[in-house]
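For reference, the chains in residue letters:
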Amino acid sequence: MTSKNNQINLKYDWEFNSLGIYDYRKPGPHDAYFNYIRLNDSHSEGDIVEAGVFRGKSLLATALLLKEIDSPKKVYGFDSFSGFPPIYHQNDHMSKFDQLFESGDIHREHYESIKKNLAIKHYLQTEDVNASTISSSGNFSNTSKQVLNKKIELLGLDNIVLVEGNFSDTMNEEQFPMKIFASMFDCDLFESYITTFNFVWPRLIKGGLCYLDEYWSLKFPGAKIACDQFLADHQHRMIMSPLKPGDQFERWSVVKL
C-alpha cells in the first residue's frame, strides 16, 4: 500500500471500505472540504483541525490527501475517545427543531425529513430518542483510539496529531496549532460546536474554511444553533454545497472574511 517517498497509495474502493476511510477521490458529501484543501493548500498557511474524530473516517482521509498533494501540513484530531459527555445542553433537545422551523431557520422540506427520521427512530427503539440515541452510532462511545493508532501506523501517516480529552480541557494554545487553514466540525453537540469555534476562529486564517458537518442535520439541532449564535458576531460567508441526486440534506461550510 505504500509507494515511494512513503506516500500512501490506496487504489481500490474495498481498501477504503476495509479501513473505514472516507473516499475523498470520489464525489461525496464532503466535496467542499476536500476540494478546498486541494485548491488552497499550496498558497495558504496553517494546519488542519478536526473536532470529533470517532473512528477516523475523515481524519485519515484528510491525512492521506495531504500526503497525496505533498503538503507539509498536519491534521490535529480532537476527541474524548470515550463518547458524548454525560450532560447535554438544552439546545441539543429534539424539540429545538420545532423552534427552528417556527422561527424560519429551517425550511419545511427539511423539517419534514427531521420529523420522519424521528418517527422511524421512535418506532424502532424501545429507549427514549434523544441526542445520545438518535445516531446509528449511539453516543459514540464505541470508538477506539488504539485501533485508530493501528490504522495510522499501518498507513505510515506521520502527519496526524491525536489530542485526547474533553474539548474544554484540550483546546488550548499548548495543544493547538497557532494558524489553522481548514477545519472539520463533526462534533454534533451545541457546547462542542461553541468550544470549537472559540478556539478555531481566532487562529483561522482569512479565507480559511470550516466545514460544518451537522449545520443542516436531521439529528442534532444544537449544531445549527451554535453556528448561528457564534457567527452572528463574526465576519463570514456561508457556502452551501451544490445538491446532488440522493443527498440526505444540505451541506454547509463557512469562510472567514
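Look a little higher up for the structure.
Keep in mind the model is a prediction, meaning the values are calculated, not measured. (Residues numbered from 1 in each chain as written. Predicted model: local features only at pLDDT ≥ 70, side-chain atom pairs only at ≥ 80, totals over all residues. Heavy atoms only, no water.)

(A) Just the packing of aromatic side chains, in detail. Counted according to the given criterion, the structure contains 16 aromatic pairs. Pairwise contacts between aromatic rings join Phe16, Tyr22, Tyr24, Tyr33, Phe34 and Tyr211 into one cluster. The positively charged end of Lys73 is found above the aromatic ring belonging to Phe181, 4.8 Å away from the centroid. (Phe/Tyr/Trp six-rings, centres within 6.5 Å; stacked < 30°, edge-to-face > 60°. Lys NZ or Arg CZ within 6 Å of the ring centre and 35° of its normal.)

(B) Highlighting helix α8 (residues 190-200). Burial in α8 covers these residues: Phe190, Ser192, Tyr193, Thr195, Thr196, Phe197 and Val200. Tucked inside the fold, the buried residues of α8 contact β1 (47-51), α7 (167-170), β4 (180-185), β5 (204-212) and α9 (221-231). (Buried < 20%, exposed > 50% of the residue type's maximum accessible area, 1.4 Å probe, protein only. Helix = DSSP H or I, 4+ residues; strand = E, 2+ residues; numbered from the N terminus. Contact = heavy atoms within 4.5 Å.)

(C) Up close: the nonpolar core. Ranked by size, the top nonpolar core spans 46 residues in total, and within it Phe78, Tyr193, Phe197, Val200, Trp201, Cys210 and Leu212 carry the most contacts. Among the elements that take part in this core, α9 stands out by supplying 6 residues, more than any other. The residues contacting Phe78, other than those within four sequence positions of it, are Val49, Glu50, Ala51, Gly52, Val53, Val163, Phe167, Thr170, Met171, Gln175 and Phe176. Among the nonpolar cores identified, the runner-up in size contains 34 residues, and Tyr24, Ile152, Leu162 and Ala182 belong to it. (Core = buried A, V, L, I, M, F, W, Y, C linked by side-chain atoms within 4.5 Å.)

(D) Spotlight on the sheet that holds strand β2 (residues 75-79). With mixed pairing, the 7 strands of this open sheet are ordered in space as β3-β2-β1-β4-β5-β7-β6. Of all the strands in the sheet, just β3 (160-164) and β6 (236-240) have a single pairing partner and so form its edges. In this sheet, adjacent strand axes meet at a mean angle of 20° when their direction is disregarded. As paired strands, β1 and β4 are joined by 5 bridges and run parallel to one another. Residue pairing in the sheet places Ile48 in a bridge with Ala182 of β4. The strands that α8 touches are β1, β4 and β5; relative to β4, the one it contacts most, it runs at about 175°. (Pairing = 2+ DSSP bridges. Axes fitted to C-alpha atoms, helices over the stretch in contact; angles between N-to-C directions.)

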